[in-house]
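# Fold and geometry: a report
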Amino acid sequence: MGMLSRLTGMNSTKQPTDDILLVHAMLLMAGADGVIEDEEISTVHAFVSCLSEFKNQNFGQLVEEARKMMRRYPSVKESVAALGYLSTPALKHKAFVLAADIAMSSGDVDETEDQLLETMQRLMEIDDRTVQTIIWALHQKYAR
C-alpha cells in the first residue's frame, strides 16, 4: 500500500491482469527466501519467454507491473492473495504449475517454498489430487 492510499484511504479498484498475476506467481516463488537474485530473474525470464501469452511483451514492464501490484499489500508474503484474482481455474492451475516449476528448477525445494506452494494451493482452491499430479509431473521433469 502506497503513501497516498494509506493516508487517504483510497485504494486502486483496478484488478491486476492475468498475465501480471502469472508473473507475480513466479516472482513470489523466486523470492520465497526474501530476495530475488539476478539468477532467479533470469529463470523467470526464461519461463516467460516460453509462454505464448507473453509473446511480444516487454519482460521488464511485466516485472514492474507485478511489483506495483505487490506493493498494494502490506508484505510480499501477503501479496500471494492477489492470485485469487486469476480469472479462470485453468489459469490458477497454470500459476501453480509455474510456481512449482520455479521452486523445483533450483534442484532443492526448501521449507519456505513448500509453505508458499501450500498457501497458493489453498488460496487458488486447487484440489490435492491436481496438486499431486502437478508435483509428480514436475518431479519427472527434474529426475536425474
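A short tour of the structure in this document, coming up. Being a predicted model, the structure only gives us computed values, none of them experimental.

## Details of the packing of helix H2 (residues 18–30) against helix H6 (residues 111–123)
Between H2 and H6, the least distance of the axes is 10 Å, while the angle of their chain directions is 150°. In terms of axis orientation, H2 runs roughly antiparallel to H6. On the side of H2, the interface is formed by Ala25, Leu28 and Met29, while H6 contributes Glu113, Leu116, Leu117 and Met120. Of the residues belonging to the contact of H2 with H6, the class tally is six nonpolar, no polar and one charged.

## Concerning the side chain of Asp19
Note that Asp19 resides in helix H2. With a relative accessible area of 18%, Asp19 lands in the buried category. Among the polar contacts listed, one links the side chain of Asp19 to the side chain of Thr17, at a separation of 2.4 Å. Look past the residues within four positions of Asp19 in its chain and what remains in contact with it is Phe54, Gln57 and Leu62.

## Some remarks on helix H7 (residues 128–141)
Side chains three or four residues apart in an α-helix point the same way, a direct result of the helix having 3.6 residues per turn. In this model, H7 (14 residues) spans 20 Å end to end at C-alpha, consistent with the 20 Å of a helix rising 1.5 Å per residue. For H7, the set of buried residues is Val131, Ile134 and Leu138. With its buried residues spanning 65° around the axis, H7 presents them on a single face. Residues of H7 that are exposed and point over 90 degrees away from its buried face: Asp128, Arg129, Gln132 and Trp136. Looking at the buried side of H7, the elements it contacts are helix H5 (89–105) and H6.

## Points about helix H3 (residues 38–49)
For H3, with twelve residues, the first-to-last C-alpha span of 16 Å sits near the 16 Å given by 1.5 Å per residue. Every buried residue of H3 is accounted for by Ile41, Val44, Phe47 and Val48. Down the axis, H3 shows its buried residues gathered within 120° of arc, on one side only. In H3, the exposed positions that point more than 90 degrees away from the buried face belong to Asp38, Glu39 and Ser49.

Cut-off values and rules
Residues numbered from 1 in each chain as written. Predicted model: local features only at pLDDT ≥ 70, side-chain atom pairs only at ≥ 80, totals over all residues. Heavy atoms only, no water. Axes fitted to C-alpha atoms, helices over the stretch in contact; angles between N-to-C directions. Helix = DSSP H or I, 4+ residues; strand = E, 2+ residues; numbered from the N terminus. Parallel < 35°, antiparallel > 145°, perpendicular 65-115°, else oblique. Contact = heavy atoms within 4.5 Å. Nonpolar A, V, L, I, M, F, W, Y, C, P; charged D, E, K, R; others polar. Buried < 20%, exposed > 50% of the residue type's maximum accessible area, 1.4 Å probe, protein only. Polar contact = N/O pair within 3.5 Å; in protein donor to acceptor, adjacent residues only side chain to side chain. Expected span 1.5 Å × (residues − 1). Arc of directions from axis to C-beta.

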